[in-house]
Amino acid sequence: MRLHPMPEFGSFTLLLALTLSAYTLVMGGIALWRTRSGRLDAGAGRLGETARRAGISSFVALTGAAFALVWASFTNDYSVSYILHHTNRALPTAYKFSALWSGQEGSLLLWAWLLSAYGFVLRIRHRVDVRLTAFASTILAAIQLFFLLLLNFAAPPFAIQPGPVPQDGFGLNPLLQYPEMVIHPPMLYLGYVGFSVPFAFALGALMMRYPGEKWIHITRRWTMVTWLFLTCGIFLGAHWAYSVLGWGGYWGWDPVENASLMPWLTGTAFLHSVMMQEKRGMMKTWNVWLIFSTFMLTILGTLLTRSGIVSSVHAFASSDIGDWFYGFIIVIFGVCLFTFFKQKDHLKSENRLESLVSRESSFLFNNLVLLAACFTVLWGTLFPVLSEYVQGTKVTVGAPFYNRVNLPIGLFLLFLTGIGPLLAWRSTSLRSIRRNFVLPGIAMGVTFIATMVLGVRPWSAGDDMQAELFSLITFTLAAGVTTAIAAEFLRGAGVVRTQTGKNLLTSTLLLVRRNTRRYGGYVVHFGIVVMFIGIAGGAFNQSREQEMGFGDSMQLGPFKLVCQSFTQDSNPNFDTEYALLDVFKGGKKLTQLAPEKRFYIASQTSSTMVALRSTLANDLYVIYEGKNPDTDKPIIKVFLNPLMNWIWIGVLIVVFGTFLALVPNMVRVAVPARVPVVAPIAAEAHHA
Amino acid sequence: MLKRMSQGLIVCLLAVVMLGAGDANSRYGRIGHHMMCACGCGQILLECNHVGCPDSDRMIGELRQQVASGGTDTSIMNWFVEKYGATVLAAPMRGGFDNVAWIVPLVLFVLGTLGTAVLIRVWKLRSGRHIPISAAVGASNVDGMRERIRRETEY
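Residues numbered from 1 in each chain as written. Chains lettered and ligands numbered in written order. Predicted model: local features only at pLDDT ≥ 70, side-chain atom pairs only at ≥ 80, totals over all residues.

Student: Where do I start with the overall build of chain A in this structure?
Tutor: Scanning chain A from terminus to terminus reveals 19 helices and 10 strands. What you see for chain A is a C-alpha radius of gyration of 27 Å, in line with the 26 Å of a compact globule of 688 residues. Each principal axis of the C-alpha atoms in chain A carries an extent, and together these give about 85 × 80 × 60 Å. Sorting the 688 residues of chain A into buried and exposed places 53% on the buried side. (Helix = DSSP H or I, 4+ residues; strand = E, 2+ residues; numbered from the N terminus. Rg over C-alpha atoms; globule rule 2.2 N^0.38 Å. Buried ≥ 20, exposed ≤ 12 C-beta atoms within 10 Å, placed from the backbone.)

Quick look at the structure:
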């Protein structure tokens, strides 16, 4: 009998984590039950403490399991089936590490480990609010229990390969052998898994009828950090698709991409609407269901991509764990529904909306737009299944559908991004609207005309009319929103300057530090505007494909590419073919690009390596498509993608703005616990 | 202002009227971007970069032939559906139940927008008349009220 110490250690730690999570759930639940209605019970308190410690220990156990799998990967332990199927000896070190999340079982282990890590932090910080944290901890333990049941019984990562141990593994999918792939999945999973925490707090707060909105203050940073991870994960994925897949685009509306976008949309809606609950005690039911939905969408996305319901290029094919997820999602929905109906009187709004033209209504419309986008994505993802059921034919719902339906929604959202912050809480007067909208209005008018003068004329664009019209509207709205944001900064800085006598730059910094959340939010909005500009640039994409032998040239836009040579090479991991192309503009050589095609030996699959010259104005994106067998010359495809970099810059600005919003204010204002409002305030609310 | 708005409207109308014009090359591009490669790579036909793809070259050739033969967009797409099945279209475009894919999001969005506007209107009516701040608050509670205003108006 063969001995497999590390895989057995991994299996043991998974079983231990399962036991500890079950203990946290059961004993934590009993402790909470015994102390319901605020009854003092020292025994229950001690029991709750043991449950908390068991939850902390489950993180240690799962860390052990993750370590065991990574160890098996680094030591080429092909007795473990998972390692055999996802690594090989020649695989570079970084990718041996990323093998942890490159397959079904490993990614489920990563999910469980991250969940336990979040639980660890939550349980360590339990003094923030002991009872609420105990509720959240117990709910997290229930979620963790589900994933550990999967890992122990349905998709064990340490399953032993029957028969003799092969000398080498089958290798990692070549598409995953790219530096971004080392961080994209963990980021995405940090986002997915992270939404479990605000979900657990929201459900816990509802179960215990938590007084006031303090739970929102407690979870605010959790939600923002989670949202940030998901944002980074999504865009790292988009950048990976752009840089690796070699089709010239970054978003293909694949079900897996859609699965990540849906919780992001509802999570964004939650981040906005929760402010209405914090400030005015409104939208409590809505917010609770938004965070419930966000969490359920993360599970639904996992169900869609792991059950084989929808086909996707990079889904985990069809597997039998889909039934587990069906069961889990039904249980979650049942628990949420039951708790909601049991406690719904606790969610009564303390205020009502008073005007159609107010900050509150802009949040409402913002939520509507984000949910409409989310529904469209979900509808498009599921429509092939529905179509097959209704008419017996599976149809494809791809980019043309999503682009056409979501573009108007996106533009409306961009519009709201600009006007929302200009509206006052409760109600905005006509005078205030006039004052706040003059500058953005002028900026929009000027940009509209300037853009047309510069050549964006949809009516003469023929087949590209729709895309150019979208660009024209985007550039116009972007100018308006940017001006509105800049005006907000300047107005606030002007007030600070009057108060302190400091210069404008110092005053702006002071302003931001006094209310990081508000101004961080504006920076995030600006980042979104920049991203929209980048997306709008897609209307002017050009491409060309040509066979290019030695000395052959190709012209695309202002660029001329000349083939200097083409050759091949090999290393233990892959064989490669590449071409060396000199890039000229106006007769001057700019750079040399080397598009490449690799053939990975272990997995016997090919992959393209895009050569990219990226500037603020455009990306020159070159692909080596292969060789023409008749002429033995390489076929080169070139894309000219204008403004592409702005998308990634926009993401960086969003990240910066979110970090800013996470920083505590310089002068901490003690906000007393919200009390129900007895009478409305009539004075028109103003900013700051 | 009204004049400017009507000018804008005319521009939009003109744009809509001119939709659909284009030469054979742009038709090839447009139709090719509305079809999927049949090899199962999940990519748009003209974007398929699947190395050694068994289908895309042949399909692109067929598309060029169909466009050159002068058929309408619909007839070309129907030809491809006949040959490769409905999944060759990148979006539901065959009429009938396919229309549901387009209508449902639109209807829900319109209903949602109307519903939100009605909801705000109902809430506004229910909230009744505004009470002046001086009437709502005694002088002794002004500080508390100021704090509430600050809280409610902080972003």
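Here the narrative resumes.
Student: Sorry if this is basic, but what is going on with the overall build of chain B here?
Tutor: The helix and strand inventory of chain B stands at 7 helices and 0 strands. Helices (α) and strands (β) of chain B occur, in sequence order from the N terminus, as α-α-α-α-α-α-α. Going through the 155 residues of chain B one by one, you find that 21% of them count as buried. At a minimum sequence separation of 6, the contacts of chain B that also span at least 24 residues come to 36%. (Contact = placed C-beta atoms within 7 Å.)

Student: Help me understand the pairing of strand β10 (residues 634–642) of chain A in this model?
Tutor: Regular strands place their side chains on alternate faces of the sheet. Residues and elements named next belong to chain A. Burial within β10 is extensive, with 7 of its 9 residues counted as buried. Pairing of strand β1 (residues 542–547) with β10, which is carried by 6 bridges, proceeds in the antiparallel orientation. In the strand pairing of β10, glutamate 545 is matched with lysine 637. Direction of pairing for strand β9 (residues 618–627) relative to β10: antiparallel, over a ladder of 9 bridges. (Pairing = 2+ DSSP bridges.)

Student: Explain the domain arrangement of chain A here, please?
Tutor: Buried accessible area, meaning the area lost when the parts come together, often serves as the stated size of an interface. Residue and element names in this part refer to chain A. As far as domains go, chain A holds domain 1 (1–174), domain 2 (178–281 + 305–319 + 341–413) and domain 3 (515–669). The partner domain 3 presents 15 residues to the 11 residues of domain 2 that form the contact. Residue composition of the side of domain 2 that touches domain 3, grouped by class: 5 nonpolar, 5 polar and 1 charged. (Domains from an automatic or database assignment. Nonpolar A, V, L, I, M, F, W, Y, C, P; charged D, E, K, R; others polar.)

Student: Would you mind showing me how to read the pairing of strand β4 (residues 574–585) of chain A here?
Tutor: All names here are of chain A. As defined by bridge partners, strand β3 (residues 559–570) adjoins β4 across 11 bridges and the pair is classed as antiparallel. Pairing of aspartate 569 across the sheet is with threonine 576, part of β4. Taking the residues between adjacent antiparallel strands as the criterion, β3 and β4 are bridged by 3 residues. Note: β4 against strand β5 (residues 588–593), 5 bridges, orientation antiparallel. Bridging from a neighbouring strand, phenylalanine 584 pairs with lysine 589 of β5. Counting the residues between successive antiparallel strands, the hairpin from β4 to β5 contains 2 residues, one of them, glycine 586, with a positive phi of roughly 60°.

Student: Where do I start with the packing of helix α7 (residues 179–194) of chain A against helix α9 (residues 214–245) of chain A in this structure?
Tutor: A pair of packed helices is captured by two measures, namely the crossing angle of their axes and the spacing between those axes. Residue and element names in this part refer to chain A. Remark: α7 packs on α9, axes separated minimally by 7 Å, with the N-to-C direction vectors making an angle of 145°. At the point where α7 passes α9, the crossing takes the left-handed sense. Two secondary-structure elements touch here, α7 through Glu180, Met181, Ile183, His184, Met187, Leu188, Leu190, Gly191, Tyr192 and Gly194 and α9 through Trp222, Val225, Thr226, Phe229, Leu230, Cys232, Gly233, Ile234, Leu236, Gly237, His239 and Trp240. For the contact of α7 with α9, the per-class residue count stands at 14 nonpolar, 7 polar and 1 charged. (Axes fitted to C-alpha atoms, helices over the stretch in contact; angles between N-to-C directions. Left-handed = near helix turned anticlockwise from the far one by under 90°.)

Student: Can you walk me through helix α14 (residues 399–419) of chain A in this structure?
Tutor: Note: α-helices contain 3.6 residues per turn, so residues at a spacing of three or four share the same orientation. All names here are of chain A. Across its 21 residues, α14 extends 29 Å between first and last C-alpha, which sits within 8% of the 30 Å expected from 1.5 Å per residue. Taking the largest bend as the criterion, α14 deviates by roughly 35°, centred on asparagine 406, and proline proline 408 comes between one and four positions later. Those residues of α14 not exposed but buried are Ala399, Pro400, Phe401, Tyr402, Val405, Leu413, Leu414, Leu416, Thr417 and Gly418. (Expected span 1.5 Å × (residues − 1). Bend = angle between axes of the 7 residues up to and from the residue.)

Student: Can you help me understand the sheet that holds β1(A) in this one?
Tutor: Residues and elements named next belong to chain A. Spatially, β1-β10-β9-β8 is the arrangement adopted by the 4 strands of the open sheet, whose pairing is antiparallel. The two strands at the open ends of the sheet, each matched to only one other strand, are β1 and β8 (611–614). Direction aside, the axes of adjacent strands within the sheet are offset by 15° on average. Bridge analysis of β8 against β9 gives 4 bridges, and the strand direction is antiparallel. Following the sheet pairing, alanine 611 is matched in β9 by valine 622. Packed on one face of the sheet, helix α19 (residues 644–662) meets β8, β9 and β10 and runs near 115° to β9.

Student: For this particular structure, what's the right way to read unusual backbone geometry?
Tutor: Residues other than glycine predominantly adopt negative phi, and peptide bonds predominantly adopt the trans conformation. All names here are of chain A. One non-glycine residue with positive phi stands out, namely tryptophan 253, at about 55°. Tracing the backbone through its elements, the reader meets tryptophan 253 in the loop between α9 and α10 (255–280). What makes tryptophan 253 buried here is the crowd of 20 C-beta atoms within 10 Å.

Student: It is not clear to me how the environment of B:Tyr28 should be interpreted in this structure. Could you clarify?
Tutor: Residue and element names in this part refer to chain B. Inspection of the secondary structure assignment puts tyrosine 28 in helix α2 (residues 24–32). Sequence separation between tyrosine 28 and glutamine 65 is 37 residues; the distance between their C-alpha atoms is 9.8 Å. The contact partners of tyrosine 28, leaving out residues within four places of it in the chain, are Leu63, Arg64 and Val67.

Student: Which parts of the structure should I look at to understand the confidence of the model for chain A?
Tutor: The predicted coordinates ought not to be read in detail in places where the model reports low pLDDT. Residue and element names in this part refer to chain A. Mean pLDDT over chain A: 87, with 93% of residues reaching 70 or higher. Looking across chain A, the model is least confident in strand β7 (residues 605–609), with a mean pLDDT of 81, and most confident in α19, with 96. Below pLDDT 50 for its whole length, residues 668–688 participates in 41 contacts with residues either more than four positions away or in separate chains. (pLDDT = per-residue confidence, 0-100.)

Student: Honestly, the packing of helix α2 (residues 42–74) of chain A against helix α6 (residues 130–154) of chain A in this entry has me stumped. Any pointers?
Tutor: Residues and elements named next belong to chain A. In contact at an axis separation of 11 Å, α2 and α6 are set at 45° when each is read in the N-to-C sense. Classified by the interaxial angle, the pair formed by α2 and α6 is oblique. Of the two elements, α2 crosses α6, and the hand of that crossing is left-handed. Where α2 approaches α6, its residues Gly48, Arg52, Gly55 and Ser58 are matched on the opposing element by Ala134, Ser137, Ala141 and Gln144. (Parallel < 35°, antiparallel > 145°, perpendicular 65-115°, else oblique.)

Student: Explanation requested: α6(A) in the structure shown.
Tutor: Counted at 1.5 Å a residue, the expected span for α6(A) with its 25 residues is 36 Å, and the 35 Å between its end C-alpha atoms agrees. Among the 25 residues of α6(A), 18 are classified as buried, and the element is accordingly described as predominantly covered.

Student: Looking at this structure, how should I read the confidence of the model for chain B?
Tutor: Residues and elements named next belong to chain B. In this model, chain B carries a mean pLDDT of 73, and residues with pLDDT of at least 70 account for 64%. Throughout residues 9–21 the model reports pLDDT below 50, and contacts reaching past four residues in sequence, or to other chains, amount to 10 contacts. The model gives residues 130–140 a pLDDT under 50, and that stretch makes 16 contacts with residues more than four places away or in other chains. Two summary scores accompany this predicted model of the complex, namely pTM at 0.87 and ipTM at 0.79.

Student: Would you mind showing me how to read the environment of A:Pro7 here?
Tutor: Residues and elements named next belong to chain A. Positionally, proline 7 belongs in helix α1 (residues 5–34). Distance in space between the C-alpha atoms of proline 7 and arginine 280 is 54 Å, their sequence separation being 273 residues. Sequence-distant contacts of proline 7, that is, excluding residues within four places in its chain, are made with Ala68, Ala72, Ser79, Val80, Phe158 and Ile160.

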